[in-house]
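# Structural features, examined
One letter stands for each residue in the lines below.
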Protein chains: 4
Amino acid sequence: MTRVAVLGASGYTGGEVLRLLLAHPGVEVVQATSDQFAGKRLDYPHPHLRGLGALRFTPHEQLGPCDVLLSCMPQGGLHQRWPRISELAGRVVDLSADFRLEDAEHARWYRKNPRPAGTPEFVYGLPEWTAAQLPNARLVAVPGCMAHAALLALLPLVRAGLVKPDVIVDAKTGSSGGGATPDRASHHPERANALRCYKPVGHRHTGEIESITARLTGQRPTVHFSATAVPSVRGVLATVHAFAARPIDESEPLRALASTYREKPFVHVVRPNASASPFPEPGPLLGTNHCDLSVDVDAERGRIVVNAALDNLVKGAAGTAVHVLNLMLGRPETEGLVFRGLHPL
Amino acid sequence: MTRVAVLGASGYTGGEVLRLLLAHPGVEVVQATSDQFAGKRLDYPHPHLRGLGALRFTPHEQLGPCDVLLSCMPQGGLHQRWPRISELAGRVVDLSADFRLEDAEHARWYRKNPRPAGTPEFVYGLPEWTAAQLPNARLVAVPGCMAHAALLALLPLVRAGLVKPDVIVDAKTGSSGGGATPDRASHHPERANALRCYKPVGHRHTGEIESITARLTGQRPTVHFSATAVPSVRGVLATVHAFAARPIDESEPLRALASTYREKPFVHVVRPNASASPFPEPGPLLGTNHCDLSVDVDAERGRIVVNAALDNLVKGAAGTAVHVLNLMLGRPETEGLVFRGLHPL
Amino acid sequence: MTRVAVLGASGYTGGEVLRLLLAHPGVEVVQATSDQFAGKRLDYPHPHLRGLGALRFTPHEQLGPCDVLLSCMPQGGLHQRWPRISELAGRVVDLSADFRLEDAEHARWYRKNPRPAGTPEFVYGLPEWTAAQLPNARLVAVPGCMAHAALLALLPLVRAGLVKPDVIVDAKTGSSGGGATPDRASHHPERANALRCYKPVGHRHTGEIESITARLTGQRPTVHFSATAVPSVRGVLATVHAFAARPIDESEPLRALASTYREKPFVHVVRPNASASPFPEPGPLLGTNHCDLSVDVDAERGRIVVNAALDNLVKGAAGTAVHVLNLMLGRPETEGLVFRGLHPL
Amino acid sequence: MTRVAVLGASGYTGGEVLRLLLAHPGVEVVQATSDQFAGKRLDYPHPHLRGLGALRFTPHEQLGPCDVLLSCMPQGGLHQRWPRISELAGRVVDLSADFRLEDAEHARWYRKNPRPAGTPEFVYGLPEWTAAQLPNARLVAVPGCMAHAALLALLPLVRAGLVKPDVIVDAKTGSSGGGATPDRASHHPERANALRCYKPVGHRHTGEIESITARLTGQRPTVHFSATAVPSVRGVLATVHAFAARPIDESEPLRALASTYREKPFVHVVRPNASASPFPEPGPLLGTNHCDLSVDVDAERGRIVVNAALDNLVKGAAGTAVHVLNLMLGRPETEGLVFRGLHPL
C-alpha cells in the first residue's frame, strides 16, 4: 500500500481527493491536514465522507513523511513550504497553479505568488497527453480545470494542423471552482442565478493553454480566453471556437479527436444521434473522471467548434490527481475512478 | 450469478436500477425492457450508463425467463401482465405501488388501477424493518419514496409508544419523482422555481404510512400527509411532526431511533455538532442508498420532530430494490451499494 | 410629499424598501443610511436601483429629522439607538423583530437582544387585520415574513372557531431571508441545492404567531413551527396544518378565508381549476405585495390545510412597510405597490 | 387610446406583452387570441395577470379589426394568415422571425417556413438603431432575443471600424426562450442543471446578425454564432469576441459604445468599480426593458470582448415590441416600460 498524505484537505478539492483515495484499493491515506479543522474528523467539513474511516485532520505544520503527497493548498501554499515538503514526501502531486508553468510564464501570470528561485520543474499531469512521463516523475502538477477542458479539445486540432493560431475559448463554470470560502460574489442570493462573464480577458488559464499547447505540440496558439459564471455548483463547459486552416468538413477534426482519444478510458467523443442527450454537458459526468467532447464545423464560415464538458472537482482536479497517481505508481489507469455518474441530477 | 431482468427500464428508476445492477458483482442483467427504446442501447436514454456494457432494450412483450425480475413499470403495469410475468420470473421485486397495500386498502387508494382478484400478497420491502421476511420471499414490493422516508422516521416512535395517534408528515420532493414524461407542470420554466404544496390532502402515501405502521407496530396512526414540490431534481425531505404521548425531552425519541438503526448500514441518526452540515438533507446523499434522520423536541409544547432525508431514486426506489435483492439472495447487505455521495453538489 | 428616511438601507430589505419608495408618488426619500457603503450611491450595492436618482448613503449616526423613518436595521439596531431616533423621526416603521412582541414575550424569545426598559409599544402592522389602528399610529412594527404568511392563513380559522388549539406551521423559505452577509451556510455550493429543516423547533416566529393570534382573535393557539430552507432566493410558502374543531368539509374554512380577504387588495384565495397554476406559490408573486392562499380539507381525518405564499422581501417585509405607510398617511392603500409579477421566472 | 390586439397570446412572450400593455396608459387591449385557451380568462395560463381585467382569449380565426396588431405567433403563423391579417390591422408588430430578414436571406435560413411570395418588407425594430424609421412604419419585425443582444454589442464596434470581419458570438440562454410547450429537453429533470452548447453552428441568428449589421452599418461581418443552454429560466448573456482592426486599448471601444447609447434610456454601458455587481448579468434586469453592456480589451492579443445581458422575454421580445409601439405612435419612449427590476432574484 502506498502511503499518501493530503495537504490542505478541508476544501472542496481536498474532499474529493479524500473521497477517491479512501476507496482506492492501492492507497492508504496516512494524513490529511487542515489548520481550520485540526482535530476534527474528516467528515466534519465533508459530509460525504461519513463512514469512511476515523481519520482526523492534523495541522499543516505536523505533516510527516509519506510516499506521495497530494497538495490541495491554495496558490502559493506549496511554494511557501518548499523545500521542507519536498524532503518529507517521496513524490508530490500538486493541484494548485504553483508549478504548472515554466518560470518565465509563471512569473508573468502569477505576480502576486511568485515562485521562489530554485524550485524544480514539475511534469504537467495531463494523462491523455503526458502519460509517458508520469511513471518516472517525482513532481507532477495537475492542470487547472478550465485549461484542462480546453486543452483536451484543442490539442488534437493543433497537432493535426487543422486550425489557425487565433483560438477563442469561452468557458462556463459552476461556483465550486471558487472554493469553500464565502464572499459576496458566492453568497447564495447573489450567485444563485448569476450569468456573468467575470473574467472576459486576462484569465491565467490563457497562459496555461498557450504554453502547454506549445510544449505538447510544438505550436503556440494565441488563446483568447473568457470565463463565465453560470448557475451551477459543479461542472465546466469549455467551448473552443477555432478557425480552420483550410477548407474542411466535420470529418477531419472529428477524426483528429477520435483517434487521439480512442484508447483513453476517460475521454469520449460524443457522436450526434447516439443518445437522447447528444451534447457534452457536465450533468451526467458529475462525480466521474470523464470528459465528453463534441465537434461541429461551419464549413461555409470556416469555424470548428469543440465543446468539452467535465466535473471541475473530479476530472478537473481530484480525479486527475488520482489518475496521475495511478500512472506514477504503475497501477491500473482507472483504479479508484470507476464511478459512472448519475442521471438525472 | 443471479440472472436479473428489468421490466420498464427506460425511466428514471429503471436507469438507477440498471446503474446499480450493472456494477453489482453478484448479478447479471440479462434483459431490460422498453417499448419506446426497443432496439436502442441502454445508454441511449441513460447517459450515465455509457460504457457499462452493450445491452439493448427489448419490448416488454419479449420478456423471457429470469431468476429475479425487477419491475419499474408504472402503476398497473405489473397488474396487467399478471400472472404471465409471475410464471417467467422466479422471484419478483416490484417498485410500483401495485402490491404495497393489502387488498382493501389498495382498492381504496388506487381506484383507477384496481388490483385483479387473485393476485398474491407481496412482502413489504423495507429492509430495516422487514429483513427477516426477505430471504424466503418470492414477491416483494418496494416502498414509495416519501412513505419510505416517513416510515423510517415514524416507526421507532410508534413502536416505543412515544407519540399520540395524530401525526403530520410534511414531505418535500424534487421533480424526478414525477418520472421522465414531460408535461406542463414539469416544463422547466414552470418547475424550475416551483415551491408548491401540490397535494395538501388525499395523497396515497397516507394510506401506505398508516397501514404499514399498523402492520409493523400493531398500532395504526392517523397520518396527515402533504407533499410539496421544491426546486430540486432529486431528493426527499420528510418532516414528521408528532405529539408526545407524555412529557419528554429529546433523549427518549433519540434513543428510540438510535437503537433501532444502530446496526443498520444505510440509516444514520444525525447528532447536533457532529458536523459542519448538522441537518439531514438530500444533497450529500444523492446517488447513495442512505437515509439521514434527526430528532428535535419542543418539550414545552410536546412536539417531536423527526426529519428524514434520502435520494428518492436510490434509497427511495432503486437502491432499496437492490438492498432487498441482496437480502433475498443471502448476499452481503451493502453489496453494490457502497457509493457514499458527492459534496458539494 | 412625506419626507422618509431609511435606516440600515444597504441590505436586501433596504434595497426593496428603496425600490418601492423611490417610485412612490407620495413620498420623498430624504436619507438612506449605511455604514458599510457611506458615500456610495444607492445603486452601488443595489443594482436594481440604477437610474433611480443620485442619493448616496450616509452613516447611521448622521441620520437627520424626517417625517417617517423606515428602519431596516438588524435585531437590536433600533433598540440601541432609542430614544434618540424617536426624537428625530415623527413616526417610525420598524422591519426588525425588536418591537413586534409585548415585553414579556419579547424577553422570552429574544434574550440576546433584550429590549431596554421604557421603550414604547408598537402597533403590529398586519394591514389586513390591524388597518384600523394604523392611521393614528406613531410606531409600527412590520411582521416577520414567515409569521406574516402563517397569520394570514391561520387567523380566519381561529376567529371562526374552526380549529383546535394545536396548529402545525411548516414554513419553507428561500435564502434571501437570511440577509446579505455571507457565511458558510449561505455559500452558494452549500446552499444551492439545500433542502434542510434548519429550525425544527424553537423558532422565534412561534411566539409571534401565538401572541399575535391571541391579540387579534382572543384565542391563543399552541403553534408548532418548523422552518425549512429550500433552493430558492426569494419566497416563502407556509403550510398550516390545523385540526378541525368539529366535522366539516372544505366550504366552511374556504368561506372564512374568502370573507376575511374579499375586500383586501393584496390577499387572494386561490380556487381550484381557476388557473393552469392552481397552487399558491411564490414564483408569480415575486416582486409583488401579494399573498396567495389555498384551503384543503381532509374531512375523514379532520385536517384543514391552508397554504400561504408570498415574497419574503416584499409582502413579507418592504411591501408591507409601504402598505403600512400608505395607511398611516391616509393615502390609497395600493399606492406604489401595483406591480403584478412576472411569469415564468 | 390605441386599440391593440395580440395574436397568439397564450405563450410566454404573449404573457409578457399582455402584462406590459394592460398597464400601458396609451393603449387598450381589445383582443387576445389563443386556440388552446379560447374562452378562458387571460390569467388562466398567465398567473401574473390576475386582477388585470377580465378579458378572455378568442380563437385566432376570430381576430377582428384593430389599430395595431402585435403577433406572438410561432414561426410561419403570421405568414399563413397573410394577407388577411394585414387587412384587419392598421399596423403590425411581429415578434417572430417571419419578417426579420430580406427575402433571399430568409429563404436560406428558414427553409421549413418559407415566406409566401408578395409579402411586404418589414422595418427591423431595433429602436436604438432604427428609431427614425418607426414613426412611419406600418409593419415592424422585432429582433430575435440573442441577435438583439449581439447587435447592441457589435454594431457600435463595426460602425466605428474597430474590428475585423470575423466575430464570435457565444450566447448563453435560459429555458423560457424555448417557449411554453413541454418536451424532453425542457423536462425539468433534464433541463434543471443543463449546461450544453445546443447549437454550436448553424443557428439562424447568425444570418440575422450578419444581415442586419450589413444593413445598418454598410459592412457585413462574418458571424460565428453558438448558443448554450444554462440553468436559468429567463435571461440572455451574449459574449461577443471581436478582433481589433488595429492596436487599441479599452478606451476606443468603450467610447464607441458609450457615445452610441448615451441618450438611449434602455441601454447602459457598465463601468468597472461603479457597483458591487460590476458585470452585465440578466438577474437584476429581469422583467425590465434594459440591456447592460461591458467592454474589455486584451491589448496584447488584440481582442475586444463585449458582453450584453438582457431579459429574453422583455428587452429581447415583449418590451421591445412595446418600445417599438411607443415610437410608432409618437408616445414617450419609456411609457409602460419603467419597471427597474428586482435584486436579489
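Bear in mind that the values here come from a model prediction, so they are computed numbers and not experimental data. (Residues numbered from 1 in each chain as written. Chains lettered and ligands numbered in written order. Predicted model: local features only at pLDDT ≥ 70, side-chain atom pairs only at ≥ 80, totals over all residues. Heavy atoms only, no water.)

### Observations concerning the overall build of chain A
Each helix and strand counted, chain A has 10 helices and 13 strands in total. Relative to the globule expectation of 20 Å for 345 residues, the C-alpha radius of gyration of chain A, 20 Å, shows essentially globular dimensions. Taking the principal axes of the C-alpha coordinates as reference, chain A spans close to 60 × 45 × 40 Å. Every one of the 345 residues in chain A was classed for burial, and the buried ones make up 67%. Across chain A, the fraction of contacts at a sequence separation of at least 24, relative to all contacts at a separation of at least 6, is 72%. When the accessible area of chain A is evaluated, it comes to approximately 11100 Å², of which 50% is carbon and sulfur surface. Each charge class in chain A was averaged separately, 36 positive and 32 negative side chains, and the resulting centres sit 3 Å apart. (Helix = DSSP H or I, 4+ residues; strand = E, 2+ residues; numbered from the N terminus. Rg over C-alpha atoms; globule rule 2.2 N^0.38 Å. Buried < 20%, exposed > 50% of the residue type's maximum accessible area, 1.4 Å probe, protein only. Contact = heavy atoms within 4.5 Å. Areas by Shrake-Rupley, 256 points an atom, 1.4 Å probe, with all protein chains shown as cover. Lys, Arg positive; Asp, Glu negative; His and termini not counted. Charge placed at Lys NZ, Arg CZ, Asp CG, Glu CD.)

### Considerations on the interface of chain A and chain D
At the interface, 49 residues of chain A touch 49 residues of chain D. In total, about 4100 Å² of surface goes out of reach between chain A and chain D, with carbon and sulfur atoms giving 56% of it. By the criterion of area lost to chain D, the three top residues of chain A are A:Leu195, A:Val201 and A:Arg301, representing 17% of everything that side buries. Across the chain A-chain D interface, the total number found is 8 salt bridges. Joining chain A to chain D, the criterion identifies 23 residue pairs in polar contact (both at pLDDT 80 or more). Looking at which element gives the most residues to the side of chain A that touches chain D, the answer is strand β9 (residues 222–229) of chain A, with 6 residues. Tallied by class, residues from the side of chain A that touches chain D come to 23 nonpolar, 12 polar and 14 charged. (Buried area = accessible area lost by both parts, 1.4 Å probe. Salt bridge = Lys/Arg side-chain N within 4 Å of Asp/Glu carboxyl O. Polar contact = N/O pair within 3.5 Å; in protein donor to acceptor, adjacent residues only side chain to side chain. Nonpolar A, V, L, I, M, F, W, Y, C, P; charged D, E, K, R; others polar.)

### Section: the interface of chain C and chain D
One frequent convention defines the size of an interface as the accessible area lost when the parts assemble. Listed by partner, the interface residues are 33 residues for chain C and 33 residues for chain D. Counting each side, the surface lost to burial between chain C and chain D is near 3000 Å², with a carbon and sulfur contribution of 61%. Of all residues in chain C, C:Arg50, C:Arg340 and C:His343 bury the most surface against chain D, accounting for 24% of the area lost on that side. Linking chain C with chain D are 2 salt bridges, by the criterion used here.

### Observations regarding the relation of the copies chain C and chain D
Overlaying chain C with chain D gives an RMSD of 0.0 Å, the required rotation being 180° about an axis along which the chain moves by 0.0 Å. Taken together, the turn and the small shift mark the pair as related by a two-fold rotation axis. Relative to the rotation axis, the closest C-alpha in chain C is found at C:Phe339, a distance of 4.2 Å. A shared interface surface links the copies, since 100% of the contact residues of chain C are contact residues in chain D too. (Least-squares fit on C-alpha atoms with pLDDT ≥ 70 in both.)

### Quick word on the confidence of the model for chain A
Scored by pLDDT, chain A has a mean of 96; 100% of the residues are at 70 or more. Taken together, the chains of this predicted complex give a pTM of 0.98 and an interface ipTM of 0.97. (pLDDT = per-residue confidence, 0-100.)

### A look at the relation of the copies chain A and chain D
One copy of the chain maps onto the other through a rotation about an axis plus a displacement along that axis. Superposing chain A onto chain D takes a rotation of 180° plus a shift of 0.0 Å along the axis, which leaves an RMSD of 0.0 Å. By residue overlap, the copies meet face to face through one surface: 100% of the interface positions of chain A are interface positions in chain D.

### Here we look at the sheet that holds strand β6 (residues 139–141) of chain C
The strands making up a sheet are joined through hydrogen bonds of the backbone, oriented either antiparallel or parallel. Residue and element names in this part refer to chain C. Here 6 strands make up an open sheet; going across it, the order is β2-β1-β3-β4-β6-β5 and the pairing parallel. Edge positions in the sheet fall to β2 (27–32) and β5 (123–124), since each of these pairs with one other strand and no more. On top of the sheet, helix α10 (residues 314–329) reaches β1 (2–7), β2, β3 (66–71), β4 (89–94) and β6; it is set at about 145° to β4, its chief contact. (Pairing = 2+ DSSP bridges. Axes fitted to C-alpha atoms, helices over the stretch in contact; angles between N-to-C directions.)

### Quick word on the side chain of D:His60
Residues and elements named next belong to chain D. In this structure, histidine 60 sits in the loop between β2 (27–32) and β3 (66–71). Of the polar contacts made by the side chain of histidine 60, one reaches the side chain of threonine 33; its length is 2.7 Å. Setting aside its immediate chain neighbours within four residues, histidine 60 contacts Leu7, Gly8, Thr33, Ser34, Asp35, Met73, Arg81 and Arg84.

### Some remarks on the UniProt feature "active site" (unreviewed entry) in chain A
Residues and elements named next belong to chain A. The feature "active site" (unreviewed entry), as annotated in UniProt, sits at Cys145 in this numbering. As for its position among the elements, cysteine 145 is in helix α6 (residues 145–159). Beyond its immediate sequence surroundings of up to four residues, cysteine 145 is in contact with His205, Val236, Leu310, Asn312 and Gly316. (UniProt positions renumbered as here; feature names shortened; annotations may be inferred.)

### Structural notes on the UniProt feature "domain: Semialdehyde dehydrogenase NAD-binding" (unreviewed entry) in chain A
Taken from the UniProt record, the annotation "domain: Semialdehyde dehydrogenase NAD-binding" (unreviewed entry) applies to residues 3–137 of chain A. Structurally, residues 3–137 of chain A is divided into 24% helix and 19% strand, and its ends, taken at the C-alpha atoms, are 17 Å apart.

### Structural notes on the packing of aromatic side chains
Taken as a whole and judged by the stated rule, the model has 24 aromatic pairs over all chains. Where A:Phe37 meets A:Phe57, the ring centres are 6.3 Å apart and the plane angle is 40°; that geometry is what we call tilted. In this pair, A:Phe37 sits in the loop between β2 (27–32) and β3 (66–71) while A:Phe57 sits in the loop between β2 and β3, placing the two residues 20 residues apart along the sequence. Arranged with centres 5.8 Å apart and planes meeting at 50°, the rings of B:Trp82 and B:Phe122 form a pair that is tilted. Highlighted residues: B:Trp82 in the loop between α2 (77–81) and α3 (84–88) and B:Phe122 in the loop between α4 (103–109) and β5 (123–124), separated in sequence by 40 residues. (Phe/Tyr/Trp six-rings, centres within 6.5 Å; stacked < 30°, edge-to-face > 60°.)

### Observations regarding the packing of α6(A) against helix α9 (residues 251–261) of chain A
All names here are of chain A. At a closest axis distance of 9 Å, the pairing of α6 and α9 adopts a crossing angle of 115°. It follows from the interaxial angle that α6 and α9 lie roughly perpendicular. Remark: the crossing between α6 and α9 carries right-handed chirality. Residues Leu151, Leu152, Ala153, Pro156, Leu157 and Arg159 of α6 lie in contact with α9, whose contacting residues are Pro253, Ala256, Leu257, Thr260 and Tyr261. For the contact of α6 with α9, the class distribution of residues is 9 nonpolar, 1 polar and 1 charged. (Parallel < 35°, antiparallel > 145°, perpendicular 65-115°, else oblique. Left-handed = near helix turned anticlockwise from the far one by under 90°.)

### Some remarks on the sheet that holds strand β7 (residues 163–173) of chain D
Residues and elements named next belong to chain D. Pairing is mixed in the open sheet, where 7 strands are placed in the order β8-β9-β7-β10-β13-β12-β11. For this open sheet the edge positions go to β8 (196–199) and β11 (267–269), each flanked by a neighbour on one side alone. Between one strand axis and the next, the sheet turns through 25° on average, direction left out of account. Pairing of β7 with strand β9 (residues 222–229) involves 8 bridges; the strand directions are parallel. Across the sheet, the residue bridging to aspartate 166 is threonine 222, located in β9.

### Description of the packing of helix α6 (residues 145–159) of chain B against helix α8 (residues 205–217) of chain B
All names here are of chain B. Where α6 meets α8, the axes come as close as 10 Å, and the angle between the chain directions of the two elements is 35°. Here α6 runs over α8; the crossing is right-handed. For the pair α6 and α8, contact is made by Cys145, Met146, Ala147, Ala150, Leu151, Leu154, Leu155, Val158 and Arg159 and by His205, Glu208, Ile209, Ile212, Thr213, Leu216 and Thr217, respectively. Here the contact of α6 with α8 is built from residues that sort into 11 nonpolar, 3 polar and 2 charged.

### Remarks on the state of the cysteines
The bond known as a disulfide is covalent and runs between the sulfur atoms of two cysteines. All names here are of chain C. Using the criterion set out here, one finds 0 disulfides over all chains in the structure. Unpaired in terms of disulfides, cysteine 66 finds its nearest cysteine sulfur in cysteine 72, a separation of 13 Å. Taking relative accessible area as the criterion, cysteine 66 reaches 6% and is therefore assigned buried. (Disulfide = S-S within 2.5 Å.)

### A word on the environment of D:Val167
All names here are of chain D. Examined against the element boundaries, valine 167 turns out to sit in strand β7. Distance in space between the C-alpha atoms of valine 167 and threonine 222 is 6.2 Å, their sequence separation being 55 residues. In this structure, valine 167 is in contact with Leu154, Pro221, Thr222, Val223, His224, Val240, His241 and Ala242, ignoring residues within four places of it in sequence.

### What about the domain arrangement of chain A?
All names here are of chain A. Domain annotation of chain A identifies domain 1 (2–141 + 315–329) and domain 2 (146–311). Contacts between domain 1 and domain 2 engage 22 residues on the former and 35 residues on the latter. Between domain 1 and domain 2, a total of about 2500 Å² is buried, with carbon and sulfur atoms accounting for 58% of that surface. Taken as a group, Trp109, Trp129 and Lys315 account for 33% of the area that domain 1 buries against domain 2, more than any other trio of residues on that side. Counting every contact that joins domain 1 to domain 2 gives 4 salt bridges. (Domains from an automatic or database assignment.)

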